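What the coordinates show
Here is what each chain is made of, one letter per residue.
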Amino acid sequence: LMGWHTVKISDSDFPVLEVMQGVLADGRTSRLYQRLREKAQLVSDVWAYQTQNEFPGMFLVSADPIQRVSAESVEKILSEEIQRLAVEKVDDWELQRVKNQLKSSFVTDLESNYVLARQLAEFECLAKWDLYLDSDKLRQAVTAEDIQRVAQKYLTDSNRTVVNLKPTSSPAKTPGT
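This report concerns the structure included in the present document.

About the criteria used
Note on numbering: residues in each chain are counted from 1, in written sequence order. A pLDDT threshold of at least 70 governs which residues receive local features in this predicted model, and a stricter bar of 80 or more applies before side-chain atom pairs are shown or counted, although totals over entire chains, interfaces and linings include all residues. Working from all heavy atoms in the structure, the side-chain values ignore hydrogens and water. What makes two strands pair is DSSP finding at least two bridges between them. Helical segments are the DSSP runs of H or I of at least four residues, strand segments are the runs of E of at least two, and each set is numbered from the N terminus. What counts as an axis is a line fitted to C-alpha atoms, over the stretch in contact for a helix, and the angles between N-to-C directions run from 0 to 180 degrees. Throughout, a contact is declared for two residues whenever any of their heavy atoms are within 4.5 Å. For this classification, under 35 degrees means roughly parallel, over 145 means roughly antiparallel, 65 to 115 means roughly perpendicular, and everything else is oblique. In this scheme, a crossing is called left-handed if the near helix is turned counterclockwise away from the far one by less than a right angle; it is called right-handed if the turn is clockwise. Amino acids outside the nonpolar list (Ala, Val, Leu, Ile, Met, Phe, Trp, Tyr, Cys, Pro) and the charged list (Asp, Glu, Lys, Arg) are all regarded as polar, and Gly is one of them. Stacked, tilted and edge-to-face pairs are distinguished by plane angle, under 30 degrees for stacked and over 60 for edge-to-face with tilted covering the rest, among Phe, Tyr and Trp rings (Trp via its six-membered ring) whose centres lie within 6.5 Å. The buried label applies to any residue whose accessible area, calculated with a 1.4 Å probe on protein chains only, is under 20% of its type's maximum; exposed applies above 50%, and partly exposed to all values in between. Remark: nonpolar core denotes a set of buried residues (Ala, Val, Leu, Ile, Met, Phe, Trp, Tyr, Cys) joined through side-chain atoms within 4.5 Å. Only residues whose relative accessible area exceeds 30% and that form no salt bridge are eligible for patches; like-charged ones are grouped when within 9 Å, while nonpolar side chains (Val, Leu, Ile, Met, Phe, Trp, Tyr) are grouped when within 5 Å. All accessible-area figures derive from a Shrake-Rupley calculation using a 1.4 Å probe, and residue coverage is judged against the displayed protein chains alone. Throughout this description, the term salt bridge denotes a Lys or Arg side-chain nitrogen within 4 Å of a carboxyl oxygen of Asp or Glu. Using only the protein atoms, space was sampled on a 1 Å grid; points where a 1.4 Å probe fits but cannot get out form cavities, open sets with protein on both sides within 12 Å along at least five of seven lines form pockets, and lining residues are those with an atom within 4 Å of a point. Grid points are joined across faces, edges and corners, and a volume is the space filled by probe spheres set on the points.

Section: the sheet that holds strand E2 (residues 43-50)
Strand order in the open sheet formed by four strands is E2-E3-E1-E4, and the pairing between neighbours is antiparallel. Strand pairing shows two members of the sheet lacking a second neighbour, E2 and strand E4 (160-162), which therefore form its edges. Across the sheet, the mean angle from the axis of one strand to that of its neighbour is 10 degrees, orientation sign disregarded. In terms of strand pairing, strand E1 (residues 2-5) meets strand E3 (residues 58-65) through four bridges, oriented antiparallel. Its bridge partner being in E3, histidine 5 is matched across the sheet by methionine 58. In the packing of helix H2 (residues 31-39) onto the sheet, the strands contacted are E2 and E3, and the crossing angle to E2 comes to about 160 degrees.

Right, here's the structure in full:
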């Protein structure tokens, strides 16, 4: 698990981080899924997430290495893909794919009174309710240049925390237990 300190939900960089999470790990055509799962077959799962907070949050990326794959080898590839966001512009098709997914999700959420009410209440608690109604428009306005700028600003080694969880050996059983 890698995490970077980022922004609160009402910050202008927040929608960029949401789009960035899609480029990295939403769906089978995402960068991390393709590289770590499809091509290299190193992980069973990979995801990215920008936390939604009223205070500065975290951008998180996680991968679950399969047996006999070192966490360090997966971490190296995760770092390379994060660095790639900072030095290369995201392709137009990648950006449009993520925007289409986000638009579809937003419209689907609007179809449910429960989900709409929950989202409006959550946004009111975190910032202001009408930010939810603007969220799709803000995500759709994100550019490849925005992603590159935000990656350079937040996704740096000096702002990163890495956690590797490794299984421990089973304790030896004592007789009678």
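A short note on the packing of helix H1 (residues 14-25) against helix H4 (residues 92-110)
For the pair H1 and H4, the least separation of the axes is 9 Å and the interaxial angle reads 110 degrees. Taken together, the axes of H1 and H4 are roughly perpendicular relative to one another. Crossing handedness for the pair H1 and H4: right-handed. Of the residues in H4, those touching H1 at Val19, Gly22 and Val23 are Glu94, Leu95, Arg97, Val98 and Leu102. Its residues assigned to classes, the contact of H1 with H4 comprises five nonpolar, one polar and two charged.

Section: the packing of aromatic side chains
The description of two aromatic rings rests on the distance between their centres and on the angle between their planes. The final tally for this structure, using the stated rule, is three aromatic pairs. Both rings, one in phenylalanine 106 and one in tyrosine 132, keep their centres 5.3 Å apart while their planes meet at 45 degrees; by these two values the pair is tilted. A residue pair is termed long-range when its members are at least 10 positions apart, and phenylalanine 106 in helix H4 and tyrosine 132 in helix H6 (residues 130-140) qualify at 26 residues. What makes tyrosine 132 buried here is its relative accessible area of 3%. Aromatic ring contacts, followed pair by pair, group Phe106, Phe123 and Tyr132 into a single cluster.

Considerations on the pairing of E1
Note that E1 and E4 share three bridges and pair antiparallel. Bridged to glycine 3 within E4 is threonine 161.

Side note on the nonpolar core
Proteins that are soluble and globular tend to have nonpolar side chains buried together. Core analysis: the biggest nonpolar cluster contains 43 residues, and Met20, Leu36 and Ile147 have the highest contact counts within it. Looking at which element gives the most residues to this core, the answer is H1, with eight residues. For isoleucine 147, the contacting residues outside a window of four places in its chain are Val16, Val19, Met20, Val23, Leu85, Val90, Leu95 and Val142.

Quick word on the side chain of glutamate 18
Structurally, glutamate 18 can be placed in helix H1. The class of glutamate 18 is buried, set by a relative accessible area of 11%. Setting aside residues no more than four positions away along its own chain, glutamate 18 makes contact with Gln52 and Arg139.

Focus on a nonpolar patch on the surface
Taken together, the side chains of Leu1, Trp47, Tyr49, Val163 and Leu165 define a hydrophobic patch exposed on the protein surface, amounting to about 490 Å² of accessible area. Here tyrosine 49 is to be found in strand E2. Overall, tyrosine 49 belongs to the partly exposed group, its relative accessible area being 36%.

A short note on the layout of surface pockets
Which parts of space are left empty comes out when a probe the size of a water molecule is rolled across the atoms. Volume-wise, the largest pocket comes out at about 350 Å³. Elements with a contribution of two residues or more to the lining of the largest pocket: E3 and helix H3 (71-87). Of the residues belonging to the lining of the largest pocket, the class tally is 13 nonpolar, three polar and three charged. Looking at the second largest pocket, its volume works out to about 290 Å³.

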